[in-house]
Amino acid sequence: QLFAHYSTDTLETLLSNLDTRSRSLLKLKAAQGVFLANNICIIERAIRASDLANLIGTAAQPKLDTWKKKAQSAYTDGWKDCADHLLDVQYTAKAPRPPSTGGVDSAAIVKALSSADKKGIQEKFKNFNTSFDELVARHRGFKMESEVRRDLGRAVQFFLERLYSRFWDRYREVDKGR
């Protein structure tokens, strides 16, 4: 138990130093997150492959999970600008609240928009697509462990999918026929 505590404290110090080092060397928060996530992945793999895995593994995992979340947060922070294009303003004082039927009638929503609002929605779609393509290209350009690539991809998907689905359901009729 003493060895497990010593090992987890050593890992905590190592990851803290790596985090500080990445902040000083890497400008992009996404790159910092990838760097940290790659190191955590390698540490976990080394622990699993070690003869000491049964001594260290269970004690170190909570701390490693905390650092994983921190790395994931740093990586997904760069995707927030992309997600901002999916946010819209809804004025509730202008009209009565529509009934909650569960489904969204995109045609009715788009029909109620002014032409300037429709142009704004089209711009949001265009800006989102451009930003998303740039971030996907950057994601593919990072050198990552396969588990890290999978986990960060899922984190981004979880982060963006609900926002995009909601936005698409509301405004998919904007570009209909074009």
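One can find the structure itself at the top, above this paragraph.
Computed from a prediction, not measured in an experiment: that's the story for all the values here.

Draft legend 1. Inspection of the pattern of salt bridges at higher detail. For the structure on display, the rule yields 10 salt bridges. Between glutamate 44 and lysine 68 there is a salt bridge whose closest N-O contact spans 3.1 Å. Of this pair, glutamate 44 sits in helix 2 (residues 29-49) while lysine 68 sits in helix 3 (residues 53-77), and the two are 24 residues apart along the sequence. We classify glutamate 44 as buried; its relative accessible area is 11%. For lysine 68, a relative accessible area of 33% corresponds to the partly exposed category. Where salt bridges share partners, they join Asp19, Arg23 and Lys70 into one cluster.

Draft legend 2. Just helix 1 (residues 2-25), in detail. For helix 1, which comprises 24 residues, the first-to-last C-alpha distance of 35 Å matches the rise-based estimate of 34 Å (1.5 Å per residue) to within 8%. By the burial criterion, the buried members of helix 1 are Ala4, Ser7, Thr8, Leu11, Leu15, Leu18, Asp19 and Ser22.

Draft legend 3. The arrangement of the packing of helix 6 (residues 115-141) against helix 7 (residues 146-171) in detail. Contact geometry of helix 6 with helix 7 gives a least axis separation of 13 Å together with a crossing angle of 170 degrees. Taken together, the axis directions place helix 6 and helix 7 in an arrangement best described as roughly antiparallel. Here Ile121, Lys124, Phe125, Phe128, Phe132, His139 and Arg140 of helix 6 come into contact with helix 7, specifically with Arg149, Leu152, Gly153, Leu160, Tyr164, Phe167, Trp168 and Tyr171. The class makeup of the residues in the contact of helix 6 with helix 7 is 10 nonpolar, two polar and three charged.

Cut-offs applied
Residues numbered from 1 in each chain as written. Predicted model: local features only at pLDDT ≥ 70, side-chain atom pairs only at ≥ 80, totals over all residues. Heavy atoms only, no water. Salt bridge = Lys/Arg side-chain N within 4 Å of Asp/Glu carboxyl O. Helix = DSSP H or I, 4+ residues; strand = E, 2+ residues; numbered from the N terminus. Buried < 20%, exposed > 50% of the residue type's maximum accessible area, 1.4 Å probe, protein only. Expected span 1.5 Å × (residues − 1). Axes fitted to C-alpha atoms, helices over the stretch in contact; angles between N-to-C directions. Parallel < 35°, antiparallel > 145°, perpendicular 65-115°, else oblique. Contact = heavy atoms within 4.5 Å. Nonpolar A, V, L, I, M, F, W, Y, C, P; charged D, E, K, R; others polar.

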